[in-house]
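So the chains spell out like this:
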Amino acid sequence: MRKGLILRGLLVALLVALVLRPELFTPLFAPFAPNGGPVIYQRTSLLSLSLSHLGLVAVASGLATVVAVSLAILVTRPAGAAFRPLSRTITNIGQTFPPVAVLALTVPVFGFGSGPTLVALFLYGLLPVFENAMTGFGTLPPRTMEAARGMGLTRWQQLWQVELPLAAPVILTGIRLSVVISLGTATIGSTVAAATLGEVIIAGLLTDNTAYVLQGGLIVGIFAVLLYDALVLVERALARRMGRVQQAA
Amino acid sequence: MLPFGVIRENRIVLGEDVALWAMAPPWAVSVTLAAVVAGLAMGLVRSRQWLRFAGSLVGVGGIVLTLTIGARALLADAGELARVSPAIGFWLLLLALLLLMADALSAMRPGPGARFAILVGLLGAFGALLGSGALMDLSVMQEYAGRAASFWTAAQRHVALAIGSLAAAALVGFPLGILCHRRAKARGAVLPVLSLLQTIPSLAMFGLMIPILSWVGASVPGARAIGIAGIGFAPAFLALFLYSLLPVVSNTVAGLGTLPPATLEAATGMGMTTRQRLMRVELPLALPVILAAIRIVLVQNIGLAVIAGLIGGGGFGTFVFQGLNQTATDLILLGALPTVLMAIVAGVLMDICVDLTRRAPKGAAP
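Reading the values: rules and limits
One numbering rule holds for all chains: residues counted from 1, following each sequence as written. Naming scheme: in the order in which they are written, chains are lettered from A and ligands are numbered from 1. Predicted model: local features are reported for residues with pLDDT of at least 70 only, side-chain atom pairs are reported and counted for 80 or more only, and whole-chain, interface and lining totals are derived from all residues. Note that water and hydrogens are dropped before the side-chain values are worked out from all heavy atoms of the structure. The helix and strand labels rest on DSSP assignments: H or I over at least four residues marks a helix, E over at least two residues marks a strand, and numbering proceeds from the N terminus. The buried label goes to any residue with under 20% of its type's maximum accessible area, the exposed label to any with over 50%, and the partly exposed label to all in between, with areas taken from a 1.4 Å probe on protein chains only. Reported accessibility uses the Shrake-Rupley method at a 1.4 Å probe radius. Residues are deemed covered only where the shown protein chains occlude them. Contacts are residue-level and defined by heavy atoms, with any inter-residue pair within 4.5 Å sufficient. Here Asp and Glu are counted as negative and Lys and Arg as positive; His is not counted, and neither are the chain ends. Where a charge lies is defined by one atom per residue type, namely NZ (Lys), CZ (Arg), CG (Asp) and CD (Glu). Boundaries of every domain are those given by an automatic assignment or by a domain database. Note on terms: buried area is the combined drop in 1.4 Å-probe accessible area of two parts once they are placed together, counting the loss on both. Any Lys or Arg side-chain nitrogen found within 4 Å of a carboxyl oxygen on Asp or Glu counts as a salt bridge. UniProt positions are given in the numbering used here, feature names are shortened, and annotations may be inferred rather than shown by experiment. Any pair of nitrogen or oxygen atoms within 3.5 Å is treated as a polar contact; in protein, a donor-acceptor pairing is required on top of that, and neighbouring residues in sequence qualify only through side-chain atoms on both sides. Only the stretch in contact is used when fitting a helix axis, every axis being a line fitted to C-alpha atoms; angles between N-to-C directions are given from 0 to 180 degrees. Roughly parallel refers to an angle under 35 degrees, roughly antiparallel to one over 145, roughly perpendicular to one between 65 and 115, and oblique to any angle outside these ranges. Like-charged residues within 9 Å of one another, or nonpolar side chains (Val, Leu, Ile, Met, Phe, Trp, Tyr) within 5 Å, are grouped into patches, provided each residue has over 30% relative accessible area and no salt bridge. Any two strands with at least two DSSP bridges between them are considered paired.

Chemist: Could you clarify how one ought to interpret the overall build of chain A in this entry?
Modeler: When you go through chain A residue by residue, the secondary structure sums to 10 helices and zero strands. Overall, chain A shows an N-to-C arrangement of helices and strands of α-α-α-α-α-α-α-α-α-α. Counting only C-alpha atoms and orienting by the principal axes, one finds that chain A spans roughly 75 × 50 × 20 Å. When the 249 residues of chain A are sorted by exposure, 48% land in the buried category. If you sum the accessible surface of chain A, you get close to 12,000 Å²; carbon and sulfur atoms cover 68% of it.

Chemist: Quick question: what am I supposed to make of the overall build of chain B here?
Modeler: Looking only at helices and strands, chain B has 14 helices and three strands in total. Relative to its full complement of 366 residues, chain B shows a buried share of 46%. Across chain B, every contact between residues at least 6 apart in sequence was considered, and the portion connecting residues at least 24 apart equals 73%. Total accessible area on chain B stands at roughly 17,200 Å², and carbon and sulfur atoms take up 71% of it. In chain B, the 23 positive side-chain charges and the 13 negative ones have mean positions that sit 20 Å from each other.

Chemist: Any chance you could explain the domain arrangement of chain B here in plain terms?
Modeler: How big an interface is tends to be stated in terms of the accessible area lost upon association of its parts. Residues and elements named next belong to chain B. You can read the domains of chain B as domain 1 (5–138) and domain 2 (148–364). Taken over C-alpha atoms, the centre of domain 1 sits 34 Å from the centre of domain 2. The junction of domain 1 with domain 2 conceals about 1,200 Å² of combined surface from both sides, 66% of it contributed by carbon and sulfur atoms. A per-residue breakdown of the area domain 1 buries against domain 2 is headed by R11, P112 and R115, which together make up 42% of the total. The tally of links from domain 1 across to domain 2 stands at one salt bridge.

Chemist: Help me understand the UniProt feature "transmembrane region" (unreviewed entry) in chain A in this model?
Modeler: Residues and elements named next belong to chain A. Residues annotated in UniProt with the feature "transmembrane region" (unreviewed entry) correspond here to residues 49–75, 96–124, 186–206 and 212–234. A distance of 39 Å separates the end C-alpha atoms of residues 49–75, which is 100% helix and 0% strand. Across residues 212–234, the secondary structure splits into 100% helix and 0% strand, with the terminal C-alpha atoms separated by 33 Å.

Chemist: Which parts of the structure should I look at to understand the interface of chain B and chain A?
Modeler: Contact residues are listed per partner, giving 36 residues for chain B and 35 residues for chain A. Looking only at chain B, the three residues that lose the most surface to chain A are P201(B), L203(B) and L324(B), adding up to 19% of its buried area. The tally of links between chain B and chain A comes to zero salt bridges. Here chain B is connected to chain A by one residue pair in polar contact (both at pLDDT 80 or more).

Chemist: Can you help me understand unusual backbone geometry in this one?
Modeler: Note on backbone geometry: most residues besides glycine have negative phi, and most peptide bonds are trans. All names here are of chain A. The phi dihedral of A193 falls on the positive side, at around 70°, and the residue is not glycine. Locating A193 in the fold gives a position in the loop between α8 (155–186) and α9 (198–206). Its identity is not glycine, yet D208 carries a phi of approximately 60°, on the positive side.

Chemist: Even after reading the chapter, I still don't get the packing of helix α7 (residues 148–182) of chain B against helix α8 (residues 184–199) of chain B, so can you show me in this structure?
Modeler: Residue and element names in this part refer to chain B. Two numbers describe how α7 lies on α8: the axes approach to 5 Å, and their chain directions differ by 125°. In terms of axis orientation, α7 runs oblique to α8. For the pair α7 and α8, contact is made by L176, L179, C180, H181 and R182 and by A184, A186, R187 and V190, respectively.

Chemist: Before we go on, may I ask you to explain a nonpolar patch on the surface in this structure?
Modeler: A surface patch of nonpolar side chains, amounting to about 540 Å² of accessible area, comprises V109(A), F110(A), L2(B), I88(B), L92(B) and L95(B). Looking at the secondary structure, you find L95(B) in helix α4 (residues 88–108).

Chemist: Sorry if this is basic, but what is going on with the pairing of strand β1 (residues 5–8) of chain B here?
Modeler: Within a regular strand, side chains alternate between the sheet's two faces. Residues and elements named next belong to chain B. A two-sided burial pattern is seen for β1, the buried positions comprising G5 and I7 on one face and V6 and R8 on the other. Note: β1 against strand β2 (residues 16–18), three bridges, orientation antiparallel. By the bridge assignment, G5 is partnered in β2 with V18. Of the pairings in the sheet, the one linking β1 to strand β3 (residues 83–86) comprises four bridges and is antiparallel in character. The residue of β3 that forms the bridge with R8 is R83.

Chemist: Looking at this model, I keep getting lost on the sheet that holds β3(B). Mind explaining?
Modeler: Strand pairing in a sheet is mediated by backbone hydrogen bonds. Such pairs are either parallel or antiparallel. Residue and element names in this part refer to chain B. Reading across from one edge, β2-β1-β3 is the order of the three strands in this open sheet, with antiparallel pairing throughout. The sheet terminates laterally at β2 and β3, the two strands that pair on one side only. On average, each strand axis in the sheet is inclined to that of its neighbour by 30°, with strand direction left out of account. Across the sheet, helix α3 (residues 49–76) lies against β1, β2 and β3, angled at about 155° from β3, the strand it touches most.

Chemist: What should I look at first to understand the pattern of salt bridges in this one?
Modeler: It is possible for side chains bearing opposite charge to pair when their charged atoms get close. Taken as a whole and assessed by the stated rule, the structure comprises 10 salt bridges over all chains. Linking E131(A) and R88(A) is a salt bridge whose minimum nitrogen-to-oxygen distance equals 3.0 Å. Here E131(A), found in helix α6 (residues 114–138), pairs with R88(A), found in helix α4 (residues 84–96); they are 43 residues apart in sequence, far enough to count as distant. Salt-bridge contacts for R52(B) lead to D103(B); the nearest nitrogen and oxygen are separated by 3.0 Å. Residue R52(B) is found in helix α3, and its partner D103(B) is found in helix α4; the two are separated by 51 residues along the sequence. Its relative accessible area of 3% is what places R52(B) among the buried residues. On the basis of relative accessible area, D103(B) is assigned to the buried category, the value being 4%.

Here's what the structure looks like:
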């Protein structure tokens, strides 16, 4: 546990340094830059790129979560059961559509910028959350549900106080998958001028500057590892609490 | 009402929206409207799935009719360079009808054979429509006509990238997965490395392969002769290969790990050697899980192969990124639409394979 804590601290420190003081890493990246070329990306501040990158992912994943969970709630009620196959089909198609194709196809509608990226990330993020929410709602312990009904909870109370909290850890696993995929995929958004860390990588591709590619890739990669790790911790904490709730019931 | 089509003076300028009723002569528009309304109405019949399926076909036929007749009529009165393309109204109607089709089909639960027949039938109808030349007046098809040869080269390259890298990943991944299943130590060493590879954003992965491969091409004798160089096919192939490795390995491990111990004991009790047990019992039983992973990787690879266009690796991405640079929507569509079609067809085909393997062991069991 202690080892993990030190490792996490080091990663966070590395990330902060990479974003705020990239010039410290000049000697590290210099061998990868073309002779005499710039080593550190300076056209836009890495901080603002990181923030807008994370912002895009947060908005897209947030929307995908709200829509996917609401959809899952709707189709697991008796009244909405008829729509279950249709919503499966829709989220499946969202995942089958290649994100780059979604970007390209939505540019004529939303123009260059962050609009197409949001749509692509949203569609791509729906399926993992939806599938996990369906699993979460589908595997609730029947005895707990009976107890909730027996206590005289209304449908609404059952949903808010029993079903959602119990399904939360499984749903969170879906959100984690969706967020980590989105973090990497958002870089592609910079091909249509969204402000993400992909800008650094693309600048590197266009000018044959591997230092830029490494710099952008490293920052996104560390963000992904740290977010993945943090969400796993939250999941574990939630699962532990739910375990206690189950015991009490 | 949303515009049904767009007419533009040439391929770059902003277009003028055309509503459905202005698109084609009144008889064609009324046939289309009748078809769409009838199709959607048939779609509402919840109990008869084949009727809903037929309804979606009628509707699609209707909107394609106005599109083809309308494109010809609009172009007849316009300049030499004018172009007509479908607009948001057409796409939304098409999307709604295709969703209806998919929903009806999934509710019909056709067996693998029937699904394959439907897929071939739909693709055949689409191919015949393209081949008949009825769509040649649309801007995307004009874009295609201008570069038919490079389109098919790109298609071949795209398939080679997506499927070739997956085949390579399977060749390496299966043995690696079996090794990881047997040796906990190997699992602890291999899986974290592969997961780490997965956190590298795809764009950076493609970028990082360039210097690595140009170094290999420059320093390993003979590497250049077989086409290994910093840009082009090789780095794109390698990037896709590395991405495919984790799902293949981890699902092989997962598939082998969930087999019922009683079955394995029975196999050993029958006197099978480890090798026989692996080939005749474990792999066949784990096949559905492994194929499910291959489905995900294949669809993902078809999408990611578009990025190869950014580093000169060819494929449909070439058109997409050229189109984005020139803000030529038709060129973007020429790259993006076939990619989407390819991804969907690959997904359906792989689902059929998964079903086939799932069914077989069940039938064989007593």
